[in-house]
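Architecture and fold: a report
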Amino acid sequence: MSDERASEAERSRASTAERAAAAGVSPAAVSEAMGEVDPSIYRHLADAQMNVELDTGDMILNLGPQHPATHGTLRLVVRLDGERVIAADPVIGYMHRGYEKLTEVRSYPQITTLINRIDWLSSFANEVPFIHGAELLMGIEAPPRAQYIRTILTELSRIATFLLFLGEMGLQVGALTPAFYGFRDREHVLNLIEAATGGRFHPNFNRIGGTKDDLPWGWVAETRNTMKVVLDACTDFDNLVAGNEIFEARTKGIGIIPGDVGAGYGVSGSNLRASGVDWDLRRDGKPYLVYPELDFKVWTHPDGDSFARYWVRLQETREAARMVIQMLDQLPAGPVMAKVPRIIKVPVGEVWVETENPLGQMGYYVISKGAIGPFRVKIRSASFSNVSILPWLLRGVYVPDVITILASLYFILGDIDR
Amino acid sequence: MDGTLALDLGWGTILAIKTLIVLAAIPAGAFILGYVFLLKMMSHMQSRLGPMDPGGFHGWFQLVGDGIKFLQKEDIMPAQADRRVFAIAPAIVVISTFLVFLVIPTGPDLIVKDLEVGVFYALAVSSLSVIGVLMAGWASANKFALLGALRAAAQLIAYELPLLLAVVGVVVQAQTMSLQGIVGAQQNGAIFGWDAIGNPFILTQFVGFALFLVAAQAELTQTPFDMPVAESELVSGYMVEYTGFRFLFFFIGEFGTAFAFSALAATLFLGGWAIPGVDDTGLANVLGPLVLFTKLMFVAFLMFWVRFTYPRLREDQLQAVAWKYLIPIGLANILVTGALKVAL
Amino acid sequence: MAKPKLPGLIGGLGITFKTMLKGAVTVQYPHEREDPAPRARGVIALKEENCTVCMLCARECPDWCIYIEGHKEKRPPRREGGRERTVSILDRFDIDYALCMYCGICVEVCPFDALFWSPEYEYSEPDIAELLHDKDKLGEWMETVPEPEPLEAGAESKK
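In this text, all values refer to a predicted model and were calculated from it rather than measured experimentally.

Looking at the interface of chain C and chain A
- Contact with chain C, which involves 34 residues of that partner, is made by 42 residues of chain A.
- Each partner contributes to the roughly 3100 Å² buried at the junction of chain C and chain A, and carbon and sulfur atoms together form 51% of this total.
- Sorting the residues of chain C by area buried against chain A places C:Arg39, C:Arg41 and C:Glu152 first, and these three jointly supply 22% of that buried surface.
- Remark: the boundary between chain C and chain A carries 1 salt bridge.
- Along the contact surface separating chain C from chain A lie 12 residue pairs in polar contact (both at pLDDT 80 or more).
- Elements with a minimum of two residues in the side of chain C that touches chain A: helix H1 (6–22), helix H2 (56–60) and helix H3 (105–109) of chain C.
- For the side of chain C that touches chain A, the element with the highest residue contribution is H1(C), accounting for 6 residues.
- Across the side of chain C that touches chain A, the residue classes tally to 19 nonpolar, 5 polar and 10 charged.

Spelled out as structure tokens, the structure:
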């Protein structure tokens, strides 16, 4: 068996060398580009004596599409050697709902309703870049109060989704209780969003020109209280999960993404910031909503491991709570809707808007031909690029670490598959 | 039982009665532990209530109903499973639990058989469950089950040693391996001359107690050592292909073993059925089981509290904890105990 | 690596113990109810007298779950010698809640304020055909529609 593998390795190396010579690049570059696994690492990976002697060969394990570890229907085909992963291949598309096609036959308010459901845990944040793009094409600007309300709701959805993440990463690593704390504390934020917009998960609150409604009486005071609860919850997570030595042993040094590799694969958001890259579209990108007027800190962490990603999101939750309190203090009075015609026809044009969504960088490329609906909308979702790094990242890790890495990257299937 | 009841029953009848009591005690103990800790304590630690409706009063009927539900399920076996091995595996796990119960004393006369080498025997038969786990994983013809079973085998064998080393300290101090003798040593002992509460070995063998709890946690494959049954990865590991009453066997085996280990820990370290101040055998025979039950619930509380709080260790970290930290600590404990026993 | 330093592990135990003593947050649903916010999108109610069968809601619905049928009738003129008026009479107004996305576009778009949101949510049925609420049932939901609530300080009052 090992003779066969050796000769196969020889043949594979020979063919790679041929291809490299033809293209004029080094063989290693060709291997990387083709996504091949360097066969010489077989011997390194089979380091346990037992594996070599018993010659266990490769076992192909299908993680998913129905699996508690992948957040939804992600299928991960891994080739194992004992407990180590040799190669991993994510298979996506089990949840494809055809968003870009759906948007071709609907009007702007109808699309706003639909795109709530792309990243369903932080659903308000999905509407923002799309409506902003339509407003840029029309040349109108929402009034300041509407901008503030939009930003507050965006940050609230960020808190909601990150509280869930803080809880369920603990769950994936084995601790049962943090997941419940995450859901329990998230309820307060969802109640706030429901009081303002009418829907807990799918607010559908943005309109071209502003927001649909104003805030109900007592919402500001309620939000201040809830932010205190959120900050307490973050302290709890700090002590229960991030400070737990077992959690640290499970996540430190696991799944290290170097900053340049991550940026090369298109990883964005907290994942990239956890690798030390100081990039946040709220501060560095084109200005949108009220972020230019806010004073907030962008958190980065020098290691790029799973613990860093957990830590960065924990700090960002606290930062979001502080930002909400800041915005409540600065909330201006005024109308929430600009003067827009009854039937909105967006003028001809194309626009690209990208925003810092909780999952990463989300962008919409809207092409309008002057009708009541867009001609074409291209959705750049954050999780799609975040997941693209998995084949590179999962080489040589143990099976339990695969789960930790998947949990720490925090993708939502609706975001990957759209 | 013989002296108290003053009935002239043959030894066979008495043995039969004792066996039946133990057979009834295993599922009863499993259900009580499961309900109090798994359903209610875990729920309250997670800010929720747990089952409230079945049975009316705080859902006490939930597990009984679950048991009945499991019994009436269809008996499914994977097509490629090894039929006989698949069927026997859960039985082996339950049998090993049953055998441990035989030597646990619940009163001065209430023990099935007081062996001279009680402790040795108890630890030996409790490791039989490893075979059952391996059989279950292999016979399931399922890659996930196989992964779980292999992890389980490595883990259970590794943690047998700290379990044993923890107990050796107690044996050295009590100067006997018989469990009744150990309870007696704690009841009649004195702490530097003060004998109001006897001499529960937890005071001097606190290292051993901690070691025993950690090793018992691993033997029961509970978090933080539940790699074999990692729910978010392998979804039940070696038990994944088991449904219906076969799964019920595994469940009873798991919680029955938890009951047995808690009872062992209570006997070895907290004094078992001994109540300070009660010397009358008759009264001790009546109160003994209740006292032992209370002490074992306390030990079980500690074990389950840790279970619901910590994440799980990875397999290699798990092994490192056992071989690099627990065993040296256990050996050092024996050394110190022996030295002090000879000196004092 | 996995050598336990006292603080972190013990701190975690402390948090779970405290939570256990603090009591549960569960609302035992059939016996106790939680009331959602007044703006919560529970069910849509129809005020029939306001509806003029303009079909805007049926057109704008992303799921096309509103089914409207109406006919025109003649009415006597308002003044002597005037023209005859035509009014639209609503024959059928069904909302299929099995399809409805609860987005609220129909409520928002209606120019005559004939549709309202109500936070009522307990209308699940064992038979999916029962989820098609007809005109009368939608009229019944009007009783559960809350009063429009006061807005937060700084808001412009609605016209």
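Text resumes after the structure shown.
What to know about the interface of chain B and chain C
- The partner chain C presents 17 residues to the 19 residues of chain B that form the contact.
- Carbon and sulfur atoms supply 70% of the area that chain B and chain C bury against each other, a total of about 1600 Å² over both sides.
- Applying the counting criterion to the chain B and chain C interface returns 0 salt bridges.
- Our enumeration of links across chain B and chain C arrives at 5 residue pairs in polar contact (both at pLDDT 80 or more).
- If you list the elements that add at least two residues to the side of chain B that touches chain C, you get helix H2 (11–45), helix H11 (281–309) and helix H12 (315–343) of chain B.
- Sorting elements by how many residues they give to the side of chain B that touches chain C places H11(B) first, with 5 residues.
- Taken together, the residues of the side of chain B that touches chain C sort by class into 13 nonpolar, 4 polar and 2 charged.

Quick word on the sheet that holds strand E7 (residues 360–368) of chain A
All names here are of chain A.
- Here 3 strands make up an open sheet; going across it, the order is E6-E7-E8 and the pairing antiparallel. A strand with exactly one partner marks an edge of an open sheet, and here the two such strands are strand E6 (349–357) and strand E8 (376–380). Strand-to-strand, the axes of this sheet are offset by a mean angle of 10 degrees, without reference to chain direction.
- In terms of strand pairing, E7 meets E8 through 5 bridges, oriented antiparallel. By the bridge assignment for E8, Val 366 is matched with Val 377.

What about a nonpolar patch on the surface?
Residue and element names in this part refer to chain B.
- The grouping of Phe 57, Trp 60, Phe 61 and Ile 68 at the surface amounts to a nonpolar patch, some 450 Å² of accessible area in total.
- Position of Trp 60 among the secondary structure elements: in the loop between H2 and helix H3 (62–71).
- By relative accessible area, which is 45% here, Trp 60 ends up partly exposed.

Some points on helix H6 (residues 108–115) of chain A
- With 7 of its 8 residues buried, H6(A) lies for the most part within the structure.
- Those residues of H6(A) that sit buried are A:Tyr108, A:Gln110, A:Ile111, A:Thr112, A:Thr113, A:Leu114 and A:Ile115.
- Those residues of H6(A) hidden inside the fold are in contact with helix H5 (99–102), helix H7 (123–138), strand E4 (206–207) and E7 of chain A together with H2 and H3 of chain C.

A few points about the packing of H7(A) against helix H8 (residues 144–173) of chain A
Residue and element names in this part refer to chain A.
- Where H7 meets H8, the closest approach of the two axes is 7 Å, and the angle between their N-to-C directions is 145 degrees. For H7 against H8, the interelement crossing comes out left-handed. Of the residues in H8, those touching H7 at Ser 123, Phe 124, Ala 125, Val 128, Ile 131 and Glu 135 are Arg 150, Leu 153, Thr 154 and Ser 157.
- When grouped by side-chain class, the residues that make up the contact of H7 with H8 number 5 nonpolar, 3 polar and 2 charged.

Some details on the pairing of E6(A)
Residues and elements named next belong to chain A.
- With 9 bridges joining them, E6 and E7 adopt antiparallel strand pairing. Across the sheet, residue Thr 355 finds its bridge partner in E7, namely Met 362.
- From the end of E6 to the start of E7, which pair antiparallel, there are 2 residues.

Rules used in this analysis
Numbering of residues begins from 1 in every chain and follows the order in which that chain's sequence is written. For naming, the first written chain is A and the first written ligand is 1, with later ones following in the order written. In keeping with the predicted nature of the model, local features appear solely for residues at pLDDT of at least 70, side-chain atom pairs appear and are counted solely at 80 or more, and the whole-chain, interface and lining totals rest on all residues. Working from all heavy atoms in the structure, the side-chain values ignore hydrogens and water. Two residues form a contact once any of their heavy atoms are found within 4.5 Å. Using a 1.4 Å probe, buried area is obtained as the accessible area two parts lose upon being combined, added over both of them. Salt bridge, as applied in this entry: a Lys or Arg side-chain nitrogen positioned within 4 Å of an Asp or Glu carboxyl oxygen. A 3.5 Å cut-off defines polar contacts: any pair of N or O atoms within that distance qualifies, except that in protein one atom must be a possible hydrogen donor and the other a possible acceptor, and neighbouring residues in sequence count only when both atoms are side-chain atoms. Under the DSSP-based scheme used, a helix requires at least four consecutive residues in state H or I and a strand at least two consecutive residues in state E, with every element numbered from the N terminus. Ten residue types, Ala, Val, Leu, Ile, Met, Phe, Trp, Tyr, Cys and Pro, are classed as nonpolar, four, Asp, Glu, Lys and Arg, as charged, and the remainder, Gly among them, as polar. Here, any two strands with at least 2 DSSP bridges between them count as paired. Fitting a line to C-alpha atoms yields each axis, with helices limited to the stretch in contact; the angle taken between N-to-C directions then spans 0 to 180 degrees. Patches here: salt-bridge-free residues with over 30% relative accessible area, like charges joined within 9 Å, nonpolar side chains (Val, Leu, Ile, Met, Phe, Trp, Tyr) joined within 5 Å. Only the protein chains shown count as covering a residue, and every accessible area follows the Shrake-Rupley method with a 1.4 Å probe. Under the scheme applied here, a residue whose accessible area is under 20% of the maximum for its type counts as buried, over 50% as exposed, and between as partly exposed, the area being computed with a 1.4 Å probe on protein chains only. Handedness of a helix crossing follows the sense of rotation of the near helix relative to the far helix, less than a right angle counterclockwise being left-handed and clockwise being right-handed.

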